[in-house]
Amino acid sequence: MAQRELTPFPELIRKKRDGEQLSVLEIRDFVQGVKYKTIQEGQIGAMLMAIWQKGMLAEETLALTKEMMMSGEVMSWPSQWKGLVVDKHSTGGVGDKVSLVLAPALAACGCKVPMISGRGLAHTGGTLDKLESIPGLNVCQPGEQVHRILQEVGCCIVGQTENLVPADKVMYALRDATSTVDSLPLITGSIMSKKGAESLSALVLDVKFGKAALYQDLSSAKKLAQSLVSVGNSLGIHTGAVLSRMNCPIGRCVGNSLEVIESLECLKGRGPDDILELVTLLGGVLLLMTGCAASLEDGKKVIAGTLRNGKALEKFRNMMIGQGVAVQAAASLCSDNADYYSVLRRNAHFQTDIHTHTHYTALLDIDGVVIAKVLQRLGAGRSKVGQTINHSVGAELLVFLGQQVEKGQPWLRVHYETPALSAEQRVSLQRALTLGSADQLHTPPLVAEVIIP
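Looking up the chain in an unreviewed UniProt entry gives the name Thymidine phosphorylase, with the organism given as Esox lucius. As its UniProt record puts it under Sequence similarities (unreviewed entry), the chain is described as follows: "Belongs to the thymidine/pyrimidine-nucleoside phosphorylase family."

This is the structure:
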């Protein structure tokens, strides 16, 4: 059989630059060229920019996702798990520790959750970084170990393996270098190729919008959600989405160790209302799509029940042990009156409270991005891939929206080591707070819309 003649790559760039549609075979040639390094980085960057400028039709985006997915290993699961393999993906936010609570809650409902997560970059926190604040926990697990943990526990949270969607690794790095990160088809391809390679039965997406999200407005976020849902369902994955606001931090804690502590409190039935709302809603959507619940409300109740009865906490304890945490340490963290810092690292030096400057007024807003950026500079996050972080750095909110606060009242507690909290950073943190009269308070619902196929 004669070998198909490949279209010269400059011609593919020209076609997309001029707004023409690429065929499935042309998209395959592009992805294969990325994978096998048969095209230059400059040409890949030019194609990414052309896609960013001209966009892609739905069928092009689907083809791109499929080819990226097939560029590496596609996971397979035992036949008895059919219909039960589920995952959740968030587009990122400040204080977003939902995965740490949701994965074990779903496992307690009989689901299998092979959650492949990422690390934080810039102001967004990474699930893997949070977990690595637990001594001994290994997020780099071989495929056989992932199977074993899923068989015995029902959930694991691990990083992307070298063989999973290798084309995405190249494209993701170049998207950052070419300022094409916010391209809708490229975001869709990156997210859904990895989820497709997990061979999921169902997927729920938490697409965030607001000051601390990739998209500032609901309309843009909804376009992304619709693209992700459409591609997911075309790949044979029952895919739904939740559109949630991301302005204030989620929960009361920001920073890796502190977020683990707050997650454990949630698993013990003592978590903040906003985390509970997201966990039960996202879990309820998944239980509905897999047929494990008759309605969304039933699914939410089942998830909430696992947090009250301790079954989700037990799954988290066993997941920690399965991923390398000492049995005694896991038991200590999960005990009802845990001394968390007997296991987790406490910052060695400083805690500083930030105080309000205005007298007798209501708390109207807290800008999560400002807090996250200060914490990043204090070592809680990274500005480039591979940078070491300090898991003990973080902040606790001491107030809540709508609360009446007095002048001089502490509203934020910052945990830091080296570098120290500077005067400039204190001023920045003060700007994160919006105060005013109670009649100015407008708190829209956390969740704007739910998309269920």
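Moving on, there is more to tell.
For the chain, the assigned domains are domain 1 (9-55), domain 2 (79-337) and domain 3 (345-440). One C-alpha centre belongs to domain 1, the other to domain 2; they are set 31 Å apart. Taken together, the contact between domain 1 and domain 2 spans 12 residues of the former and 13 residues of the latter. For the pair domain 1 and domain 2, the summed buried area comes to about 1000 Å², and 85% of that belongs to carbon and sulfur atoms. At the junction of domain 1 with domain 2, the criterion picks out zero salt bridges. Counting across the interface, domain 1 meets domain 2 through one residue pair in polar contact (both at pLDDT 80 or more). Secondary-structure elements contributing two or more residues to the side of domain 1 that touches domain 2 are α2 (24-36) and α3 (41-54).

With that out of the way, let us pick up the sheet that holds strand β13 (residues 447-451). Within the open sheet, the four strands sit side by side as β1-β4-β5-β13. Their pairing is mixed. With partners counted over all chains shown, the strands left at the sheet margins are β1 (86-90) and β13, one partner each. Each strand axis lies, on average, 15 degrees off the axis of its neighbour in the sheet, ignoring direction. Relative to strand β5 (residues 238-245), helix α10 (residues 218-234) is tilted by about 165 degrees, and along the sheet it contacts β4 (202-209), β5 and β13.

Moving on to unusual backbone geometry. With an omega of 10 degrees, the peptide bond running from threonine 418 to proline 419 counts as cis. Along the chain, the position of proline 419 falls in the loop between β11 (410-416) and α17 (423-431). In this structure, lysine 37 takes a positive phi of about 60 degrees despite not being glycine. By the element assignment, lysine 37 lies in the loop between α2 and α3. With phi around 55 degrees, serine 179 is a residue other than glycine that occupies positive phi space. In this fold, serine 179 is placed in the loop between α8 (166-177) and α9 (184-197). A residue is classified by how much of its surface remains accessible, and serine 179, at 56% relative accessible area, is exposed.

Cut-offs used in this document
Residues numbered from 1 in each chain as written. Predicted model: local features only at pLDDT ≥ 70, side-chain atom pairs only at ≥ 80, totals over all residues. Heavy atoms only, no water. UniProt positions renumbered as here; feature names shortened; annotations may be inferred. Domains from an automatic or database assignment. Contact = heavy atoms within 4.5 Å. Buried area = accessible area lost by both parts, 1.4 Å probe. Salt bridge = Lys/Arg side-chain N within 4 Å of Asp/Glu carboxyl O. Polar contact = N/O pair within 3.5 Å; in protein donor to acceptor, adjacent residues only side chain to side chain. Helix = DSSP H or I, 4+ residues; strand = E, 2+ residues; numbered from the N terminus. Pairing = 2+ DSSP bridges. Axes fitted to C-alpha atoms, helices over the stretch in contact; angles between N-to-C directions. Buried < 20%, exposed > 50% of the residue type's maximum accessible area, 1.4 Å probe, protein only.

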